[in-house]
Amino acid sequence: MIGAIVDTHALLQVIWVSILAGVAVTAAYGLAILGATRAVEFGRDRRVGEATVYAVIGIVGLVVFLAAIVFGIVILTGD
Amino acid sequence: MGSEIIVVIVVATALIFDFTNGFHDTANVVATTISTRALPPRIAVGYASILNFVGAFISLEVAATVAKDVVEIQPNSIGLLAVFGGLVGAIAWNLITWFFGLPSSSSHALIGGMVGSVFVAEGADSVFFQEGILGKVMIPALVAPTLAFLIGGIAILVLYKIVGRMRPGPVTGGFRLGQVISGGLLALAHGTNDAQKTMGVITLALVANGTVSADNFHVPTWVVVSAATAIAMGTYAGGWRIIKTMGSRIHKMDAAQGFAAQGAGSAVILAASHVGFPLSTTHTISGAVIGSGAAKRLSAVRWGVAGNIVVAWILTLPMAAVIGALTYLVTRLFGTGAVGPIIVSTLILAGSAVLYTRRSQHAGVPTAVESS
């Protein structure tokens, strides 16, 4: 019944894309902050190993965050 | 000649509606950024205005839905007057809810006004109740704020899990920086979904006038540019009112909450815009803000404001439809020429001036989350 009225494909697309973009991308930015902050703290204590690991986490988080936004805008403007 | 005058009046009315939409919604778009001090107010408002303008160029899916899937207009003067009636119905309902402080949706008012006006002008067959109203407006209107609420809540819980044990200073600084991006995305999302509704209505008027063929539907470039300009100018003008009142009215939330709410709101609005759902951006952003507040502390949410949103959500479509229908009937009392729209436009301008004068003494910006 509902399926005949509403475009369920479009609605489900909105739901999963929103969850992915709203939660995963936000979490990626959270990891970027975590990585950057911890890398600075460990670097200050001269713990190079931990600082490097957190720096990588921070960079990956930031790259994922920015790439997801650029990808989303490209998809939106592509049609 | 008469129909050309009506087209000019309809386009001007639509752009005024678009301006008031931006003016009315500035609070939703920039309040979070300003309240967490991610950006200074003047810069936040200017930034939001520019991205509102840019957002209007991203997609035309929502404009196509409004112009083709909700109502059908015949290419004659009755069709033009129906579009005019719908627009005035939306503006009148927005003014009434603004006067009484109800956080209503300009988008639902616009669609409600169109439905009511076209229903009495062209008959029930010209309104697509199931696939159009229910399938593309009502169900997405219910899903979007709920989805934004859930995403806002989950996102802030995930963020607190990631950064919860860290020193607040650098974390707050990081999220403020992130809000520059998430706030920009929210403004972009608002511009794309809301400006397109006006584009859709102007295109409907052009179809009624025979300027655009219903069989070869397209939104003319000048319609896109003028709608983008009107909503951006409205956002900018509305921002100055917020800057004046924000000191006492906007309640603070932390930067992580602001970031989560803006991310959730923009994700839902942009995804819906991509598939052509004309959402209420007001309700979606409010849902995200309430979700990010409720996940942290239920008592932080101003549930009274949340309740008002629900009441306005239920009332807006039918009330705007009734006003749209009445406006069309009043306009038709003066025939099918330009006299009716001129008289009704004059009356609505006078009414707006009276309401604005009385209300501006008590202006405020309602927000859905208390100070944390």
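(A) Structural detail: the overall build of chain B. Across its full length, chain B carries 12 helices and zero strands. Mapped from its N terminus to its C terminus, chain B presents α and β elements in the order α-α-α-α-α-α-α-α-α-α-α-α. Whereas a compact globule of 372 residues would reach a radius of gyration of roughly 21 Å, chain B reaches 20 Å, a difference of no more than 12%. Dimensions of chain B, computed from the C-alpha atoms along their principal axes, are close to 70 × 40 × 35 Å. Among the 372 residues that make up chain B, the fraction classed as buried is 61%. Taking the contacts inside chain B whose residues are at least 6 apart along the sequence as the reference set, 89% of them involve residues at least 24 apart.

(B) Spotlight on the overall build of chain A. Of regular secondary structure, chain A possesses three helices and zero strands. Listed N to C, the secondary structure of chain A is α-α-α in terms of helices and strands. Computed over C-alpha atoms, the radius of gyration of chain A comes to 18 Å, more than 25% over the 12 Å expected from 2.2 N^0.38 for 79 residues, which places it beyond the range of a compact globule. Along the first, second and third principal axes, the C-alpha set of chain A runs to 65 × 25 × 15 Å.

(C) Local environment of the interface of chain B and chain A. Listed per partner, the contact involves 37 residues of chain B and 29 residues of chain A. For the side of chain B that touches chain A, the secondary structure elements donating two or more residues are α6 (129–163), α7 (168–209) and α9 (255–275) of chain B. Here the side of chain B that touches chain A is built from residues that sort into 29 nonpolar, seven polar and one charged.

(D) Region of the structure containing the nonpolar core. Ranked by size, the top nonpolar core spans 132 residues in total, and within it V10(B), V83(B), I151(B) and A205(B) carry the most contacts. Among residues more than four places away in sequence, those in contact with I151(B) are S18(A), I19(A), G22(A), V23(A), A264(B), A267(B), V268(B), A288(B) and G291(B).

(E) Expanded view of the environment of L270(B). Tracing the backbone through its elements, the reader meets L270(B) in helix α9. Among the residues examined, L270(B) registers 27 C-beta atoms within 10 Å and is labelled buried. Distance in space between the C-alpha atoms of L270(B) and T146(B) is 15 Å, their sequence separation being 124 residues. If we skip the residues at most four places from it in the chain, L270(B) touches G72(A), L76(A) and A189(B).

(F) Region of the structure containing helix α3 (residues 61–69) of chain B. When α3(B) is considered as a whole, its buried residues turn out to be E61(B), V62(B), A63(B), T65(B), V66(B) and A67(B). Those residues of α3(B) hidden inside the fold are in contact with α6, α7 and α9 of chain B.

(G) Just the packing of helix α2 (residues 8–44) of chain A against α7(B), in detail. At a minimum axis separation of 10 Å, α2(A) and α7(B) run at an interaxial angle of 140°. Between α2(A) and α7(B), the angle falls in the class oblique. With respect to the hand of their crossing, α2(A) and α7(B) are arranged in right-handed fashion. Contacts between α2(A) and α7(B) involve Y29(A), I33(A), A36(A) and T37(A) from the former and P170(B), V171(B), G174(B), F175(B) and G178(B) from the latter. Of the residues contributing to the contact of α2(A) with α7(B), the split by class is six nonpolar, three polar and no charged.

(H) Structural detail: the environment of V310(B). With respect to the secondary-structure elements, V310(B) resides in helix α11 (residues 303–332). For the pair V310(B) and A338(B), spaced 28 residues apart in sequence, the C-alpha to C-alpha distance is 38 Å.

(I) Representation of the confidence of the model for chain B. All names here are of chain B. When pLDDT is averaged along chain B, the result is 86, and 90% of the positions lie at 70 or above. Per-residue pLDDT, averaged within each element of chain B, yields its smallest value for helix α8 (residues 221–249) (78) and its largest for α9 (94). Low pLDDT, under 50, characterises residues 246–250; the stretch is placed with 10 contacts to residues that sit more than four places away or in other chains. Confidence over residues 365–372 falls short of pLDDT 50; this stretch has 39 contacts with residues more than four positions distant or in other chains.

(J) Just unusual backbone geometry, in detail. Non-glycine residue R46(A) carries a positive phi angle of around 60°. Locating R46(A) in the fold gives a position in the loop between α2 and α3 (48–78). Given 7 C-beta atoms within 10 Å, R46(A) falls into the exposed group. Of note, the phi angle at R37(B) is positive, near 60°, even though the residue is not glycine. For R37(B), the location among the structural elements is in the loop between α1 (2–35) and α2 (41–55).

(K) Structural detail: helix α5 (residues 106–122) of chain B. Residue and element names in this part refer to chain B. With 17 residues, α5 ought to run about 24 Å at 1.5 Å a step, and its terminal C-alpha atoms sit 24 Å apart, in line with that. The element α5 is extensively covered by neighbouring structure, given that 15 of its 17 residues are classed as buried. G123 sits one or two positions beyond α5 and adopts a positive phi of about 100°.

(L) Quick peek at the confidence of the model for chain A. Averaged over chain A, the pLDDT score is 92; the fraction of residues at 70 or greater is 95%. No element of chain A has a lower mean pLDDT than helix α1 (residues 2–5) of chain A, which averages 70, and none a higher one than α2(A), which averages 95.

(M) How the structure looks around the packing of α9(B) against helix α10 (residues 281–296) of chain B. Residues and elements named next belong to chain B. Viewed as axis vectors pointing N to C, α9 and α10 meet at an angle of 145°, and their least axial separation amounts to 8 Å. Seen along the crossing, α9 lies across α10 with a hand that is right-handed. Here Q257, A260, A261, A264, G265, V268 and I269 of α9 lie close against α10, whose contacting residues are T281, T284, I285, A288, V289, G291, S292, G293 and K296. Class assignment for the residues of the contact of α9 with α10 results in eight nonpolar, seven polar and one charged.

(N) Region of the structure containing the environment of L34(A). Looking at the element boundaries, L34(A) is found in helix α2. The exposure class assigned to L34(A) is buried, which follows from the 21 C-beta atoms found within 10 Å. Distance from L34(A) to V48(A), taken between C-alpha atoms, is 16 Å for residues 14 residues apart in sequence. Setting aside its immediate chain neighbours within four residues, L34(A) contacts I57(A), I162(B), V163(B) and M166(B).

What counts and how
Residues numbered from 1 in each chain as written. Chains lettered and ligands numbered in written order. Predicted model: local features only at pLDDT ≥ 70, side-chain atom pairs only at ≥ 80, totals over all residues. Helix = DSSP H or I, 4+ residues; strand = E, 2+ residues; numbered from the N terminus. Rg over C-alpha atoms; globule rule 2.2 N^0.38 Å. Buried ≥ 20, exposed ≤ 12 C-beta atoms within 10 Å, placed from the backbone. Contact = placed C-beta atoms within 7 Å. Nonpolar A, V, L, I, M, F, W, Y, C, P; charged D, E, K, R; others polar. Core = buried A, V, L, I, M, F, W, Y, C linked by C-beta atoms within 7 Å. Axes fitted to C-alpha atoms, helices over the stretch in contact; angles between N-to-C directions. Parallel < 35°, antiparallel > 145°, perpendicular 65-115°, else oblique. Left-handed = near helix turned anticlockwise from the far one by under 90°. pLDDT = per-residue confidence, 0-100. Expected span 1.5 Å × (residues − 1).

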